[in-house]
2 protein chains.
Amino acid sequence: MGIGIGILGGGTVGGALVRRLVDNRDVIAAKTGLQLEVLRVGVRTLDKERGFDLLPGVLTDNVADVVADDSVEMLVEVMGGMDPAGDLVLAALRAGKPVVTANKELIAARGPELFQTAEEAGVSLLFEAAVGGGIPIIRPLWETLAGETLTKVMGIVNGTTNFILTAMSESGMAYKVALAEAQRLGYAETDPSSDVTGVDAAAKAAILAGLAFGSWVGADAVYREGITGLDPVDLQFAAELGYVVKLLAVAERTEEGVNARVYPAMVLTHHPLASVRGARNAISIEGPAVQRLLFSGPGAGGEPTASAVLGDIITAARELRAGTLVAPRIRLADGGVADFGDVSTMWYLRLMVVDQPGVLAQIAAVFGHHGVSIRSVRQECSGDEATLLIVTHSAPERAQQAARDGLRGLGVVSNVAAAIRVESTES
Amino acid sequence: MGIGIGILGGGTVGGALVRRLVDNRDVIAAKTGLQLEVLRVGVRTLDKERGFDLLPGVLTDNVADVVADDSVEMLVEVMGGMDPAGDLVLAALRAGKPVVTANKELIAARGPELFQTAEEAGVSLLFEAAVGGGIPIIRPLWETLAGETLTKVMGIVNGTTNFILTAMSESGMAYKVALAEAQRLGYAETDPSSDVTGVDAAAKAAILAGLAFGSWVGADAVYREGITGLDPVDLQFAAELGYVVKLLAVAERTEEGVNARVYPAMVLTHHPLASVRGARNAISIEGPAVQRLLFSGPGAGGEPTASAVLGDIITAARELRAGTLVAPRIRLADGGVADFGDVSTMWYLRLMVVDQPGVLAQIAAVFGHHGVSIRSVRQECSGDEATLLIVTHSAPERAQQAARDGLRGLGVVSNVAAAIRVESTES
């Protein structure tokens, strides 16, 4: 007996998914014993070439119908966006139908409400594809590492920005040129703002933090900076200092609580995230027992994302067959949210200073006053002005900020031309 | 109500596991809702300092008692070896108790029989820790990637040999010196034969092949070569040619069937496995949809391995609580086993040849006769003899072997001093 599946969304992911479900039907049945049947596919508009064939009546532009259809036992939501996806997912859960979604925005914003609804209905809400595209990360984090006390999760979770940063680092392209190249090759959308300002990565950071620490931070509480202000000269200096600049999603458990943040930061060239190039994603998971695990793979794209969705569909199908939950429930506690001002990192600063004796002493005094110690200084002269590259030791965000404000008030510092965090374990 | 756990083995992994179960009891309960109770721990001998405290009567040297104890609902086998582990695992399964094991040797040798017994008893047999230590790989491979048609799995799955090879490559140490260093630091056992001859990696290759392709190859069918014959000079030449030598476990699906093999091979320096240093493990998974996924982390050690075991224990506990299987069954089909002679790879050869005109033509003719084409040649002269470094294009094992035999028959070739496979996608 088959398992009836309703799919919302017929775009890149939905299309790839439908093709896989139809083409691999027998392979999946042999491996899992499950007959998966695509019964309804809800799309926004019917008059579009989709690249897949379905029996008459399967494709519909009435998305609510897909959820309501009695033959649909499981809902797969790959349409994206908050609305109407959120209400449709809730309706399916309330109707006792397990839901598989790739919607990071929805999970990050309404996770606890959705998990609660799923629990009350006694069905699963699965979202392996919401973070890391085709990389298995959600289930390993929540299920395989369930007994761990994790300390930090750090990843490159947005392929668009990693493609742009790789181009800027390796070819010296300006941000706008690299963005145009990413758009030309299909790695960036016409409106790239969700990617380049870190909104997409912040949703994923919120999800990673919630699962890693069992305490929901929520997308709104994620500190966020994008890559639009980066100057390729700093990526060049980073390389000379032994670093690579990446847009990082970081989730960390500190004594003050859980913190999640997204910003461009330098990592050492021998850090495993440093070698993740182009549109690939990678996530590192740290804890005292597991030390450091690294998962990497294609972070987006129809086929990889469809893979993750398909794995979840099989789990949900097993659940329907078993008549009981087979995936672990998402249970959350309130672990508190750490103030971003308390988060400690190292910083790289590029200062334009007057080239005269005693300047460095004045600068060092400002850092010292704010309790920030200097790790390295490099000076490059050109005429009356000198460029000073400073890397600090680790200190809280608020102290680092105050030190920079202090520098701006110094007569000898004409400009704090760049300030980029460094994510590195101090040695 | 707690879940009663019986553990077999109180060594490095067992000790770490007992400590984690006792120390993290409340954390696990909060995150999963499960109270895990260590009721019996079976060890070989009672008069040994264990580094953990248990209530009187929990520790026993009667291992059969642990399985038979009615209060033990789940068996955790971390004693290792085929005997008595195999019969104890079977006894537990037959008694309807789910089993968690870290025993790669047992799974590789008796997998299908154990899976069958588990299925008949309606309980799970979980073995996340059998491959890759603390790296989540078994469940992602079998569950998250259940809908994939994978083509190749390739990994560094033995930390001892990777430590030795890293030392040989980076410090130019001879094999025996690097082995002694590994033993001194605790990365290699006093009797290192299972590691250095590839027996350990072959068991893991068999398991990876079985799960990746749903067709059991079995440890005996894994082609195997160890690292004992490697000369550091070839690791040096490899570096000059842009390669790194790693002991690889490879599972591949070809048109002729599934093949699993373990041997030292060169990978390009920019291949993600090339940068895996020391005792770390890493596994790459390839398929048309997922492209290439990479999982890396600590491949051995008590704490990381205990992490993987603990994840499985939680799954088995959920299963006991649910009263039905929550982990997917291992279903195997017979996909056929490919003849190793049909497996195609590139080769690196180091030849000692007479330094006279026409030698290369004779050598090229031998390769051509056997249908092997040459990709690159580098010659280094020293007196009357020259060293020839040849990298071939990809060709079947049997043709490559015949070509080498042909070279040995040439008067101008005094010695085929080294022959190492190259695992690389031809570009």
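Note that the structure is predicted; figures quoted are calculated from it, not measured. (Residues numbered from 1 in each chain as written. Chains lettered and ligands numbered in written order. Predicted model: local features only at pLDDT ≥ 70, side-chain atom pairs only at ≥ 80, totals over all residues. Heavy atoms only, no water.)

Just checking my understanding: could you explain unusual backbone geometry for this structure?
Apart from glycine, the bulk of residues carry a negative phi angle, and the bulk of peptide bonds sit in the trans form. All names here are of chain A. Across the junction of aspartate 83 and proline 84, the peptide omega takes the value 10°, indicating a cis bond. Looking at the element boundaries, proline 84 is found in the loop between β4 (74-77) and α4 (85-94). For glutamine 291, which is not glycine, the phi torsion reads 60° and is therefore positive. In this fold, glutamine 291 is placed in strand β12 (residues 291-298). On the accessibility criterion, glutamine 291 (45% relative accessible area) is partly exposed. (Helix = DSSP H or I, 4+ residues; strand = E, 2+ residues; numbered from the N terminus. Buried < 20%, exposed > 50% of the residue type's maximum accessible area, 1.4 Å probe, protein only.)

Just checking my understanding: could you explain the interface of chain A and chain B for this structure?
Interfaces are often sized by the amount of accessible area the parts lose when they come together. Listed by partner, the interface residues are 51 residues for chain A and 51 residues for chain B. Summed over both sides, the interface of chain A with chain B buries roughly 3900 Å², with 52% coming from carbon and sulfur. Contact with chain B buries surface across chain A, with Lys31, Thr144 and Arg331 of chain A losing the most and accounting together for 17% of the total. Note that arginine 20 of chain B and glutamate 148 of chain A form a salt bridge whose closest N and O atoms lie 2.2 Å from each other. (Contact = heavy atoms within 4.5 Å. Buried area = accessible area lost by both parts, 1.4 Å probe. Salt bridge = Lys/Arg side-chain N within 4 Å of Asp/Glu carboxyl O.)

Would you mind showing me how to read the relation of the copies chain A and chain B here?
Look at the two chain copies: a rotation about an axis and a shift along it is all it takes to match them. Of the two same-sequence chains, chain A is brought onto chain B (RMSD 0.0 Å, axial shift 0.0 Å) by a rotation of 180°. Taken together, these values place the two copies in the relation of a two-fold axis. In this assembly the copies share their binding face: 100% of the residues contributing to the interface of chain A also contribute to that of chain B. (Least-squares fit on C-alpha atoms with pLDDT ≥ 70 in both.)

Looking at this model, I keep getting lost on the packing of aromatic side chains. Mind explaining?
Any aromatic ring pair is given by two values, namely how distant the centres are and how the planes are angled relative to each other. On inspection of all chains with the given rule, the structure shows eleven aromatic pairs over all chains. Look at tyrosine 263 of chain A and phenylalanine 340 of chain A: their rings are 6.5 Å apart centre to centre, the planes differ by 55°, and that puts the pair in the tilted class. Separated by 77 residues along the polypeptide, tyrosine 263 of chain A in strand β10 (residues 257-268) and phenylalanine 340 of chain A in the loop between α12 (302-322) and β13 (344-354) bring together distant segments of the chain. Ring geometry for phenylalanine 115 of chain B and tryptophan 216 of chain B: centres 5.3 Å apart, planes at 85°, overall edge-to-face. Here phenylalanine 115 of chain B, found in helix α5 (residues 104-121), pairs with tryptophan 216 of chain B, found in the loop between α10 (199-213) and β8 (223-224); they are 101 residues apart in sequence, far enough to count as distant. (Phe/Tyr/Trp six-rings, centres within 6.5 Å; stacked < 30°, edge-to-face > 60°.)

Could you clarify how one ought to interpret α5 of chain B in this entry?
Residue and element names in this part refer to chain B. For α5, with 18 residues, the first-to-last C-alpha span of 22 Å runs short of the 26 Å given by 1.5 Å per residue. Considering bend angle alone, the principal kink of α5 is centred on arginine 110 and spans about 85°; proline proline 112 follows within four residues of it. For α5, every residue scored as buried is listed here: Leu106, Ile107, Ala108, Arg110, Gly111, Leu114, Phe115, Thr117 and Ala118. Residues of α5 that are buried sit in contact with β4 (74-77), α4 (85-94), β5 (99-101), β6 (125-126) and α10. Structurally, the start of α5 carries an N-cap: the backbone nitrogen of glutamate 105 is 3.3 Å from a side-chain oxygen of asparagine 103. Downstream of α5 by a residue or two, glycine 122 has a phi angle that is positive, lying close to 70°. (Expected span 1.5 Å × (residues − 1). Bend = angle between axes of the 7 residues up to and from the residue. Polar contact = N/O pair within 3.5 Å; in protein donor to acceptor, adjacent residues only side chain to side chain.)

Is there a simple way to explain the pattern of salt bridges in this structure?
Oppositely charged side chains can pair when the atoms bearing their charge come close. Here the structure, examined in full by the defined rule, presents 56 salt bridges over all chains. Across the pair arginine 421 of chain A and glutamate 225 of chain A runs a salt bridge, and its minimum N-O distance is 3.0 Å. Of this pair, arginine 421 of chain A sits in strand β17 (residues 413-422) while glutamate 225 of chain A sits in the loop between β8 (223-224) and α11 (232-241), and the two are 196 residues apart along the sequence. For arginine 421 of chain A, a relative accessible area of 2% gives the class buried. A salt bridge links aspartate 405 of chain A to arginine 408 of chain A, with the nearest nitrogen and oxygen atoms 3.1 Å apart. Of this pair, aspartate 405 of chain A and arginine 408 of chain A both sit in helix α14 (residues 397-408), three residues apart, roughly one helical turn. Through salt bridges with shared partners, a single network forms among Arg139, Glu143 and Arg318 of chain A together with Arg139, Glu143 and Arg318 of chain B.

Explain α4 of chain B here, please?
Since one α-helical turn is 3.6 residues long, residues separated by three or four positions face the same way. Residues and elements named next belong to chain B. Counted residue by residue, α4 has seven buried out of ten residues, so it is predominantly covered. What α4 keeps buried is the set Ala85, Gly86, Leu88, Val89, Leu90, Ala92 and Leu93. The secondary structure elements touched by the buried residues of α4 are β1 (3-8), α3 (63-68), β4, β5, α5 and β6. Positive backbone phi, approximately 80°, marks glycine 96, located one or two places after α4.

What exactly am I supposed to notice about the sheet that holds β4 of chain B here?
Residue and element names in this part refer to chain B. The strand order across the open sheet formed by six strands is β3-β2-β1-β4-β5-β6, and the pairing between neighbours is parallel. Either end of the sheet is taken by a strand with one partner, and the two such strands are β3 (59-60) and β6. As paired strands, β5 and β6 are joined by two bridges and run parallel to one another. Residue pairing for β6: valine 99 is matched across the bridge by leucine 125. (Pairing = 2+ DSSP bridges.)

Can you help me understand the packing of helix α7 (residues 159-171) of chain A against helix α8 (residues 175-184) of chain A in this one?
Between two packed helices, what matters for the description is the angle formed by their axes and the separation of those axes. Residues and elements named next belong to chain A. The contact between α7 and α8 brings their axes to 9 Å, and the two run at 130°. If you check the angle between α7 and α8, you find them oblique. The interaxial crossing formed by α7 with α8 has right-handed handedness. On α8, the residues that touch Phe163, Ile164, Ala167 and Met168 of α7 are Tyr175, Ala178, Leu179, Glu181 and Ala182. Considering only residue class, the contact of α7 with α8 consists of eight nonpolar, no polar and one charged. (Axes fitted to C-alpha atoms, helices over the stretch in contact; angles between N-to-C directions. Parallel < 35°, antiparallel > 145°, perpendicular 65-115°, else oblique. Left-handed = near helix turned anticlockwise from the far one by under 90°. Nonpolar A, V, L, I, M, F, W, Y, C, P; charged D, E, K, R; others polar.)

Would you take a moment to explain the confidence of the model for chain A for this structure?
Predicted coordinates in areas of low pLDDT are best not read in detail. When the pLDDT values of chain A are averaged, the result is 94; 100% of them are 70 or greater. Predicted as a complex, the structure gets a pTM of 0.94 and an ipTM equal to 0.91. (pLDDT = per-residue confidence, 0-100.)

Got a minute to help me understand the side chain of glutamate 128 of chain A in this structure?
Position of glutamate 128 of chain A among the secondary structure elements: in the loop between β6 (125-126) and α6 (138-144). Buried and unpaired, glutamate 128 of chain A has arginine 139 of chain A as its nearest opposite-charge partner, separated by 6.0 Å. A polar contact is formed between the side chain of glutamate 128 of chain A and the backbone nitrogen of isoleucine 137 of chain A, at a distance of 2.6 Å. In terms of polar contacts, glutamate 128 of chain A uses its side chain to reach the backbone amide nitrogen of arginine 139 of chain A, at 3.0 Å. Filtering out sequence-adjacent residues up to four positions away, glutamate 128 of chain A remains in contact with Gly133, Ile135, Pro136, Ile137, Ile138, Arg139, Pro140, Ala308 and Asp312 of chain A together with Thr144 of chain B. (Lys, Arg positive; Asp, Glu negative; His and termini not counted.)

Looking at this model, I keep getting lost on the pairing of strand β7 (residues 152-156) of chain A. Mind explaining?
For a regular strand, side-chain orientation follows a simple rule: the groups alternate between the two sheet faces. Residue and element names in this part refer to chain A. The buried fraction of β7 is high, at five of five residues. Of the two faces of β7, both are covered, the one formed by Lys152, Met154 and Ile156 as well as the one formed by Val153 and Gly155. Sheet analysis places β7 next to strand β9 (residues 243-254), joined by four bridges and oriented antiparallel. By the bridge assignment for β9, valine 153 is matched with alanine 251. Sheet analysis places β7 next to strand β11 (residues 280-287), joined by five bridges and oriented antiparallel. For lysine 152, the partnering residue across the bridge sits in β11 and is glutamate 286.

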